[in-house]
Amino acid sequence: MLESVIKLLKKDWIFIKSSLKNLIFVALIFSLVMPWGNGGMLLVVPILVGYLFNYGLLAYEEKYKMDVLLCSLPVGRKEMCLAKYIGPLLYTLISTLVMMVSLTVRMVVQSSWNGEVLVNLLLTVIAIALIYNAVILPIILYFGAIKSRWVMMGGYVLAFILMGMSSSEYSQQLQAIIRQGFHTKIMSSLVLIGVVLYGISYGMSRGIYNRKEFK
Amino acid sequence: MYAVTFNNVRKRLGDFELNIPKLAIRQGYMTGFIGENGAGKTTTIKLILDMLQLDEGSIEVLGKNIKGGSVSIHQEIGYVGEPTGYPEETPLEAIKDMLALFYKNWDEVLYKSYMQFFNLNSKQKYKDLSTGQKKQFAMIMALSHHPKLILLDEPTSGLDPVVRNEILDILMDHMQNEEVTIFYSTHITSDLEKAGDYIVYINDGQIKLNSEKDTLLNEYSLVKGPKALFKGDICKEFLGLRENSFGSEALLKNKKVAYELFGEEVKYSKPTIEEIMIFLSHNNSKVVTEKALRGGNKQC
């Protein structure tokens, strides 16, 4: 099984490298540049990279009807599903490392080095990546890339509306709570929650893949 | 020995139902799978590849049930679908690298020789190929890992006769060099007259005919003559009947029976696979007339 998953990951990498270089470019730029903005911008990166390498890749596959070709290959549906979970997470982790390097450089340049903050940010970013991918992957796999775009857009619009509706006083209270909770133990727990959610999400997607019909 | 066997297969897709109680594709031969658009050809092939879920029944490929054995089965299958599913923006070399990974028997030398034969440049992007070249490349990818079963879903559709001929030649050449079964779905029946060994005809989700090609072409008979001769009890012998302003035309399963019924009063000819398909598509003893084409069929 592991061998098949590795082959699927290699296949996706060859596809990205040969045809979707822009995804790599955008992910790299954001990972390098965002750490030089405020803390909030940093936390957008795992969402953006997750969106690019999950939704972007699946959208291309759907556009070219590559799932029909994929189905004719000697790989099982379990392995196909697992590759969809491992691949984008790997790219997100790589972009996270790039981001941390960029953030470290910034901290050194600005003489504001704080190892604990760096570790907590790393854990937060990983947690966000896990939770975000855990949520969007079953949606994309179930609805397909084109329909799920509307579902995801609806979610983003709702999030922006909620953020816009919150008063500045509420927003400041929220920021204070987040600062208080920004401890390694809490962030580690968040990562653990992310891992559990990722596992549950994979289980759901396995079910979707097993019943999926490639018309 | 059979490469593919269907047992009590049923599959419903919306209003369409595929119902194949029994079908066996002989190993080592080319079986043509014909039918008009929407007859169920692609659905049948996708069921073999486990791309669709069976509602009932089972399918065995090379002795293994597709449920549970699909990974090892797919090692032995070469597939050309419609659409092919190749990414348009990707160079041919990269597509090959993506897919060759999965096949234990991938033959790089064979791949290169086919690419040279068809004069394809591996640095080119898939979208820059002509329609014919795209099909040629898909065929190369299907053949280059020495499959035991080749499933072709309308591989020559939309191609000019020269390119179609090249593709058929490569298939026949491959059959001569390797023990391979070809299941070839098409509505271009002239391709099968050249290369096919067996013909399976599907109509409205059901298998209407399953026969050796030579038997079909040598024993079936087309009979043409005045309308008055094509009435009464003899209609039950017809597989199909057509009328026009000049007379009637009927398809019979047996030349001897046709001669016994009509003697010297009519003209006899060998039907093509296309003509057999046209007659069968209008069910037993149903008449196709010029009036019928404008609306309504008349029973014989």
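For the structure itself, look to the data block above.
Quantities reported herein were computed from a predicted structural model and do not represent experimental measurements.

A. Fine view of the overall build of chain B. Across its full length, chain B carries eleven helices and 16 strands. With respect to the three principal axes, the spread of C-alpha positions in chain B is 65 × 40 × 35 Å. Taking all 300 residues of chain B together, the buried fraction comes to 54%. In chain B, once contacts between residues fewer than 6 apart in sequence are set aside, the share between residues at least 24 apart is 69%. Accessible area for chain B stands at about 13,500 Å²; split by element, carbon and sulfur atoms hold 46% of it. Side chains of chain B carry 36 positive and 41 negative charges; the gap between the two charge centres is 4 Å.

B. Summary view of the pattern of salt bridges. All names here are of chain B. Taken as a whole and judged by the stated rule, the model has 23 salt bridges over all chains. Among the ionic pairs, aspartate 55 bridges to lysine 11, the shortest N-O distance being 3.9 Å. With aspartate 55 in the loop between α1 (41-48) and β4 (56-61) and lysine 11 in strand β1 (residues 2-13), this residue pair connects regions lying 44 residues apart in the sequence. A single network of salt bridges, built from pairs that share partners, joins Glu93, Lys96, Asp97, Glu108 and Lys112.

C. Spotlight on the interface of chain B and chain A. Every contact between the two is made by 28 residues of chain B and, on the other side, 27 residues of chain A. Both faces combined, the contact of chain B with chain A buries some 2,600 Å², and carbon together with sulfur accounts for 67% of it. In this structure, the connection of chain B to chain A is made through one salt bridge. The partner of Lys11(B) in a salt bridge is Glu213(A), and the shortest N-O contact between them spans 2.7 Å. Counting every contact that joins chain B to chain A gives nine residue pairs in polar contact (both at pLDDT 80 or more). Of all the elements in the fold, those that place two or more residues in the side of chain B that touches chain A are β1, α2 (66-75) and α3 (92-100) of chain B. Partitioned by chemical class, the residues of the side of chain B that touches chain A number 16 nonpolar, six polar and six charged.

Analysis parameters
Residues numbered from 1 in each chain as written. Chains lettered and ligands numbered in written order. Predicted model: local features only at pLDDT ≥ 70, side-chain atom pairs only at ≥ 80, totals over all residues. Heavy atoms only, no water. Helix = DSSP H or I, 4+ residues; strand = E, 2+ residues; numbered from the N terminus. Buried < 20%, exposed > 50% of the residue type's maximum accessible area, 1.4 Å probe, protein only. Contact = heavy atoms within 4.5 Å. Areas by Shrake-Rupley, 256 points an atom, 1.4 Å probe, with all protein chains shown as cover. Lys, Arg positive; Asp, Glu negative; His and termini not counted. Charge placed at Lys NZ, Arg CZ, Asp CG, Glu CD. Salt bridge = Lys/Arg side-chain N within 4 Å of Asp/Glu carboxyl O. Buried area = accessible area lost by both parts, 1.4 Å probe. Polar contact = N/O pair within 3.5 Å; in protein donor to acceptor, adjacent residues only side chain to side chain. Nonpolar A, V, L, I, M, F, W, Y, C, P; charged D, E, K, R; others polar.

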